[in-house]
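Chain by chain, the residues run as shown.
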Amino acid sequence: MKYLSTRDASLRLSAAEAIVMGLARDGGLYTPVEFPALPQGALEELMNMSYPERAAYIMKLYLDEFTEEELKGFTEKGYACPEKFDTDAVAPVVPLNENTSVLELWHGPTCAFKDMALQMLPYLLSASLKKTGEDKTVCILVATSGDTGKAALEGFRDVEQTKILVFFPKDGVSEIQQLQMVTQEGDNVGVCSVIGNFDDAQTGVKKIFSDEAIREALAEKGYFLSSANSINWGRILPQVVYYISAYCDLCKEGKITLGEKVNFCVPTGNFGNILAGYFAKLMGLPVAKLICASNANNVLTDFIATGTYDRNRPFYNTTSPSMDILISSNLERLLYLLSGSDEEVRCYMQSLNETGRYTVSAELLEKLHETFECGCCDDEQVAGIIGKHFAAGYLMDPHTAVAEGVLESYREKSGDETLTVVVSTASPFKFCTSVLDAIGITEHKPGTEVLEQMAQATGCAAPRPLATLAGKAVRFDGVTEKQDMPQVVTEFLK
Ligand SMILES: *Cc1c(COP(=O)(O)O)cnc(C)c1O
């Protein structure tokens, strides 16, 4: 299986090379040249496997240079219960009502769906380094606005031949998110806050990446810089697994018969999650519609509805902050797959760079509509959805509520009653204040006490990784000016 760049389809890289490189030199994203079909009888076979076995089986279809044994080793460690995930199912599917099920992707160590990929990427990356003959230690640099930093720290902690350093904006993350990061355990990790906002931290990291002098100095000391960003193929592939796994579980429970089509409704930001669902469909998974759900930052809703992508619009801070995004990087992979033309993609991306907008061809839009539906939901609707479903017995976080709200509107206007899986991306305990507001509790306890307050109010237990935060020692209290970030890196790698 070879990989091309969405901006240069003549390129042919191995999976290991694509994972090590992250982003193509031409700015494009690595994408498989072709999609492996699920072998005959694969779904029946997968039904009787554990989640780690399913993951090894599915990833093997894309990773020729890895042995099945090797991949099994990775998935057994990355998705281990109870060390990493709080349920053997890893990604359980729970019924919400007659024709809706929820795929819970937040049972991992940081309680957000980023764990599904970031528990796997470190293994894939360090094995890829060996396969490509890279003997240096890889240092992952991350600038985070919250979820990704913690999930990357937890994924890379104590992984051989890797180090990880996370920068977060000093006053730009929630108290719980900050505590999650500064108490991080592991011998190869570092965390530092930056005086400034998320953009300052991200710009600082990008500068370090493009600084040849720093790269050379680090290379002499045996280090190599890389990123854990969602454009890396090694972050998309592990996400294909849970779409197929959810389908198998629905068959196993008799909710559907083998071959029957289902919809997935996905709360979307950078388009990485829903794209993995599309890849599963390309492999032959019986998927009817993929419903792309956005919050008030509804640039994708407009794009799917009209074919025009336009980031020139106000930016809103919402109660689903992980979807507050106006440039959806992974959409580029879909544009390539639908158009089959690297030249067309280059034109769209050039236009996006220069004017902040582009309009796709009528043919591309028509193909897009064969699979994708869309919708958006504002904070008030989200609160209503959380309240309504809590009263009926299910507690969901604001990101999941965006998806459920969009699904309800979609059903109303389309009459489509196909069994639909709502993809749930975070534990409600990661967003206590918004969830408490939504269920009518507007006075919130300070700091980590809010976790206990929410547990009492809802009768649900806080996930262990969050509940144990209060007793953890702060290991990292470093603060840096943005211009001093390179020194922090040098000091970290001394
Ligand atoms: C990152 C994130 C999303 C958005 O996922 P994309 O792959 O960027 O579309 C949705 N919900 C939560 C909780 C997230 O952390």
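Here, every reference points to the structure presented above.
Counting from 1, residues in each chain are numbered in the order their sequence is written. Totals for whole chains, interfaces and linings use all residues, but because this is a predicted model, local features are given only for residues with pLDDT of at least 70 and pairs of side-chain atoms are given and counted only at 80 or more. As a convention, hydrogens and water are excluded, and side-chain values are obtained from all of the structure's heavy atoms.

Description of the sheet that holds strand β11 (residues 287-294)
Two strands qualify as a pair provided DSSP detects at least 2 bridges between them. For the purposes of this entry, the term helix denotes a DSSP run of H or I that reaches at least four residues, the term strand denotes a run of E that reaches at least two, and both are numbered from the N terminus. A sheet is described by the order of its strands in space; here six strands give the open sequence β4-β5-β15-β10-β11-β14, paired in mixed fashion. In this open sheet, the two strands that pair with only one neighbour each are β4 (93-97) and β14 (372-376). Direction aside, the axes of adjacent strands within the sheet are offset by 25° on average. Bridging between strand β5 (residues 100-104) and strand β15 (residues 420-424) involves five bridges; their strand directions are parallel. Opposite L103, over in β15, you have V423 as the bridge partner. A contact between two residues is defined here by any heavy atoms of the two lying within 4.5 Å. Interaxial angle, 0 to 180 degrees, is taken between N-to-C directions of lines fitted to C-alpha atoms, where a helix line uses only the stretch in contact. Across the face of the sheet, helix α18 (residues 398-414) comes into contact with β4, β5, β10 (262-267), β11, β14 and β15 while running at roughly 120° to β11.

Focus: the state of the cysteines
Any pair of cysteine sulfurs within 2.5 Å is marked as a disulfide. Taken as a whole, this structure holds zero disulfides when the rule is applied. The cysteine C251 is free of any disulfide, with C248 supplying the nearest cysteine sulfur at 6.5 Å.

Quick word on the site of the ligand
We call a residue near a molecule or strand whenever a single non-hydrogen atom of that residue lies within 4 Å of it. Around the ligand, the surrounding shell holds 15 residues, and the nearest of these are K114, G269, N270, N273 and T425. Within 3.5 Å is the distance limit for a polar contact, defined as a pair of N or O atoms, with the added protein rule that one can donate a hydrogen and the other accept it, and that residues adjacent in sequence qualify only through two side-chain atoms. The contact in question runs from a nitrogen atom of the ligand to an N or O atom on the side chain of T425, over 2.8 Å. Method for areas: the Shrake-Rupley scheme with a 1.4 Å probe, in which residue coverage is limited to the protein chains shown. Look at the ligand: alone it shows 390 Å² of surface, and the protein chains cover 95% of it. Taken together, the residues of the shell around the ligand break down into five nonpolar, eight polar and two charged. Ten residues, namely Ala, Val, Leu, Ile, Met, Phe, Trp, Tyr, Cys and Pro, are considered nonpolar, four, namely Asp, Glu, Lys and Arg, are considered charged, and the remaining ones, Gly among them, are considered polar.

Looking at the pairing of β11
Within a regular strand, the side chains alternate between the two sheet faces. When a residue's accessible area, from a 1.4 Å probe over protein chains only, is under 20% of the maximum for its type it is buried; when over 50% it is exposed; and in between it is partly exposed. Most of β11 sits out of view: seven of its eight residues are buried. One ladder, built from five bridges, connects β10 with β11; its direction is parallel. Bridge pairing in β11 links V262 to V287. Seen with its strands pointing away from the viewer, a crossover is right-handed when the path leading from the first strand over the helix to the second is clockwise. Traced from β10 through helix α12 (residues 272-282) to β11, the parallel crossover comes out right-handed. Of the pairings in the sheet, the one linking β11 to β14 comprises five bridges and is parallel in character. Across the sheet, the residue bridging to S294 is C376, located in β14.

Some words on the side chain of Q184
Within the secondary structure, Q184 is located in the loop between α8 (175-182) and β8 (189-195). Classification of Q184 as buried rests on a relative accessible area of 0%. Those residues in contact with Q184, other than ones at most four positions away along the chain, are K150, L153, E154, R157, V189, R475 and F476.

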